[in-house]
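So you can see what is in the structure, the chains are spelled out below.
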Amino acid sequence: MKDVQKALESEVAAKYSKLTTDEIKTLVVDDKWMARLAADAQSELDRVSQALTRRVRQVAERYATPLRQLTDEVATLAARVDEHLNKMGF
């Protein structure tokens, strides 16, 4: 394993000296920086998308019951309260 590692390191060192400026720019800018930027941008898009999805679900749950149904339930409960108050003599 050590011999293979040393052989690889010597091949890499030999190749470094032969790289042109354009190849270096491609390796550093395109392969390293741009890949990192793309990954970071995708990560941020995923985070924002998940936050929006959570918020939409919250709003959907909050407003799932129509106003008409809520109004009817309040009227029914108010009538029950009035009935109990009447029984108590108020």
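Please read all numbers here as calculations on a predicted model, not as lab measurements.

Novice: Report on the overall build of the chain, specifying residues and quantitative values.
Specialist: Of regular secondary structure, the chain possesses three helices and zero strands. Helices and strands in the chain line up, N terminus first, as α-α-α. Over its C-alpha atoms the chain spans a radius of gyration of 34 Å, topping by over 25% the 12 Å that the globule rule assigns to 90 residues. Along the first, second and third principal axes, the C-alpha set of the chain runs to 100 × 35 × 15 Å. Residues classed as buried in the chain amount to 1% of the 90 residues present. Looking at the chain as shown, the accessible area adds up to about 8500 Å², and 60% of this sits on carbon and sulfur atoms.

Novice: How would you sum up helix H2 (residues 21-62)? Please name residues and give values.
Specialist: Since the α-helix turns once every 3.6 residues, residues separated by three or four places project in the same direction. Taking 1.5 Å per residue, 42 residues should reach 62 Å; H2 reaches 59 Å between its end C-alpha atoms and fits that length. At Met 34, H2 shows its maximal kink, close to 30 degrees.

Novice: Let's hear about the confidence of the model for the chain: which residues, and what values?
Specialist: Averaged over all residues, the pLDDT of the chain is 92; the fraction at 70 or higher stands at 100%. Per-element mean pLDDT across the chain ranges from 89 in helix H1 (residues 2-18) up to 95 in helix H3 (residues 67-87).

Novice: Explain the environment of Arg 62 to me, and be specific about the residues and the numbers.
Specialist: Within the secondary structure layout, Arg 62 lies in helix H2. Expressed as a C-alpha distance, the spacing of Arg 62 and Lys 15, which sit 47 residues apart in the sequence, is 63 Å.

Novice: Requested: an account of the pattern of salt bridges, with residues and values cited.
Specialist: Under the counting rule described, the total for this entry stands at three salt bridges. Across the pair Asp 40 and Arg 36 runs a salt bridge, and its minimum N-O distance is 3.3 Å. With a gap of four residues between them, Asp 40 and Arg 36 both fall in helix H2, about one helical turn apart. Note on Asp 40: relative accessible area 37%, which makes it partly exposed. Taking the relative accessible area as the measure of exposure, Arg 36 reaches 55% and is therefore exposed. Between Glu 44 and Arg 47 there is a salt bridge, with its nearest N and O atoms 2.5 Å apart. Highlighted residues: Glu 44 and Arg 47, both in helix H2, separated by three residues, approximately one helical turn. For Arg 47, a relative accessible area of 47% gives the class partly exposed.

Thresholds, definitions, all that
- Residues numbered from 1 in each chain as written.
- Predicted model: local features only at pLDDT ≥ 70, side-chain atom pairs only at ≥ 80, totals over all residues.
- Heavy atoms only, no water.
- Helix = DSSP H or I, 4+ residues; strand = E, 2+ residues; numbered from the N terminus.
- Rg over C-alpha atoms; globule rule 2.2 N^0.38 Å.
- Buried < 20%, exposed > 50% of the residue type's maximum accessible area, 1.4 Å probe, protein only.
- Areas by Shrake-Rupley, 256 points an atom, 1.4 Å probe, with all protein chains shown as cover.
- Expected span 1.5 Å × (residues − 1).
- Bend = angle between axes of the 7 residues up to and from the residue.
- pLDDT = per-residue confidence, 0-100.
- Salt bridge = Lys/Arg side-chain N within 4 Å of Asp/Glu carboxyl O.

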